[in-house]
Amino acid sequence: MPFARLAPAAAAFYTEQSAFSDPGSFAPLYVGLPDAPAQLACTARNLMVHRLEGEQFCHVIAPDRLHNDAETRYLDDILRIITKRNDALLTQRREVGDRFVGVCRDFALLYCSFLRHAGIPARLRSGFADYFGSDGFHCDHVVTEYWDNERGWLLADPQLADPVVIGTWKVDFDPMDVPRDRFLVAGKAWQAIRAGDADPKTFGLHPPEEGPMFGEWFVAHDIRIDLAALNKVETLLWDVWGTGAGGDRDMTEAVCELYDLTSLVVCDDVPFDAARKLFAENEGLRTPKTVLSLAPFNGPSEATLR
């Protein structure tokens, strides 16, 4: 018997491609893909390399790819880059030099697109992983959440679907079932901080000694990214908008109370109707048509979404 029944509206919503995950004219390339989640994760992994993985794979990533590939918002454009470098079947493992050079969001988006194509409800989740190091820091990260008919929603990290990566980070769990205490969705991280159970300095893009990208305001940013993804608006991780986007100076008690309420929706057990309603009705949380993109290499610019 199934662990839980996914409501038909939620099942339909998360099985249909979004504007971001739609392969578009590249959909014919999906013919022949496997339909098992673990195999699809390996397929996605073998088409991409993370910006920071050059040393792990003994490869020097070309600066233009390092700077520009991960600025690609939409899956059809990602597939265009992948097939331009090597037009083999998507099931064929690419040499590192032929791969798309992305970040965690790109692995998760490609995998999510594959799952949706296979008829498996899937969505991106933004939050913080503790498995990219052993110092207790929770690193900004994105994974894919997919529906399993026996167990419900499971977290999967397709970036880990390679033995080299598993060995580098000494991962001791199944990447297709990431423990929820190893990856905290953004709302759960917020709740731990507000309850005094976690230090906000241990959540961010990097530790405090390496720059300002950490703390409560950063967790609030991830809540906005996660809420958008739950509504199938799977933006770049450095797309910025909304209430609290100005950093620490914006995190007044009233703003914190907004995120206290939002964290009840952007949590492990997401109430689907509430997530849709909150995104639709709160202008300070909803992704606008034009966002500020703080591209790590290319600098800030405004981007108008499809």
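The rules behind these values
- Residues numbered from 1 in each chain as written.
- Predicted model: local features only at pLDDT ≥ 70, side-chain atom pairs only at ≥ 80, totals over all residues.
- Heavy atoms only, no water.
- 1 Å grid on protein atoms, 1.4 Å probe; cavity = no way out; pocket = protein on both sides within 12 Å on 5 of 7 lines; lining within 4 Å.
- Points joined across faces, edges and corners; volume = space filled by probe spheres on them.
- Helix = DSSP H or I, 4+ residues; strand = E, 2+ residues; numbered from the N terminus.
- Nonpolar A, V, L, I, M, F, W, Y, C, P; charged D, E, K, R; others polar.
- Disulfide = S-S within 2.5 Å.
- Buried < 20%, exposed > 50% of the residue type's maximum accessible area, 1.4 Å probe, protein only.
- Arc of directions from axis to C-beta.
- Contact = heavy atoms within 4.5 Å.
- Phe/Tyr/Trp six-rings, centres within 6.5 Å; stacked < 30°, edge-to-face > 60°.
- Lys NZ or Arg CZ within 6 Å of the ring centre and 35° of its normal.

S.K.: What am I meant to see in empty space enclosed by the protein here?
M.R.: If a probe as big as a water molecule is rolled over the atoms, it shows which places are left empty. Per the stated rule, a full pass over the model turns up 1 cavity of 30 Å³ or more. In this model, the largest cavity occupies a volume close to 40 Å³. Taken together, the elements giving at least two residues each to the lining of the largest cavity come down to strand 3 (122-129) and helix 8 (216-230). Across the lining of the largest cavity, the residue classes break down as 5 nonpolar, 2 polar and 2 charged.

S.K.: Looking at this model, I keep getting lost on the state of the cysteines. Mind explaining?
M.R.: What we call a disulfide is simply a covalent bond connecting the sulfur atoms of a pair of cysteines. Going through the model one piece at a time under the given rule, you end up with 0 disulfides. Counting only cysteine sulfurs, Cys139 is the nearest neighbor of Cys104, a cysteine outside any disulfide, at a range of 7.7 Å. Left unpaired, Cys256 is separated from the closest cysteine sulfur, that of Cys267, by 19 Å. Note on Cys256: relative accessible area 3%, which makes it buried.

S.K.: I would appreciate a short explanation of the layout of surface pockets in the present structure.
M.R.: Of the voids in this model, the largest pocket is the one considered here, and its volume is about 980 Å³. Around the largest pocket sit 36 residues that line it, and His50, Leu52, Cys139, Asp140 and Leu205 are the ones nearest its centre. Those elements that provide at least two residues to the lining of the largest pocket are strand 4 (138-148), helix 8 and strand 9 (290-295). With 4 residues, the top contributor of residues to the lining of the largest pocket is helix 8. Class assignment of the residues belonging to the lining of the largest pocket gives a composition of 22 nonpolar, 7 polar and 7 charged.

S.K.: Just to check I follow, could you spell out helix 1 (residues 8-15) for this structure?
M.R.: An α-helix turns once every 3.6 residues. As a result, residues three or four positions apart point the same way. Within helix 1, the full set of buried residues consists of Ala10, Phe13 and Tyr14. Angular distribution of buried residues about the axis of helix 1 spans 85°; they occupy a single face of the element. The inward-facing, buried residues of helix 1 abut helix 5 (104-117), strand 3, strand 5 (152-156), helix 8 and helix 10 (272-281).

S.K.: It is not clear to me how the environment of Ile82 should be interpreted in this structure. Could you clarify?
M.R.: Mapped onto the elements, Ile82 comes out in helix 4 (residues 75-85). A C-alpha to C-alpha distance of 6.3 Å links Ile82 and Arg99, two positions 17 residues apart in sequence. If we skip the residues at most four places from it in the chain, Ile82 touches Leu47, Arg94, Asp98 and Phe100.

S.K.: What's the story with the packing of aromatic side chains in this structure? I'm lost.
M.R.: The way to describe two aromatic rings as a pair is by their centre distance and the angle between their planes. Counted under the stated rule, the structure contains 14 aromatic pairs. Their ring planes at 75° and their centres at 5.6 Å tell us that Trp217 and Phe218 sit as a pair that is edge-to-face. Like Trp217, the residue Phe218 is buried in the burial classification. An aromatic cluster is built from Phe13, Tyr14, Trp147, Trp153 and Phe272, whose rings are joined through pairwise contacts. Positioned above the aromatic ring of Phe57 is the side chain of Arg99, whose terminal nitrogen or guanidinium carbon lies 5.7 Å from the ring centre. Above the plane of the ring of Tyr74 lies Arg306, whose end atom (NZ or CZ) is 4.0 Å from the centre.

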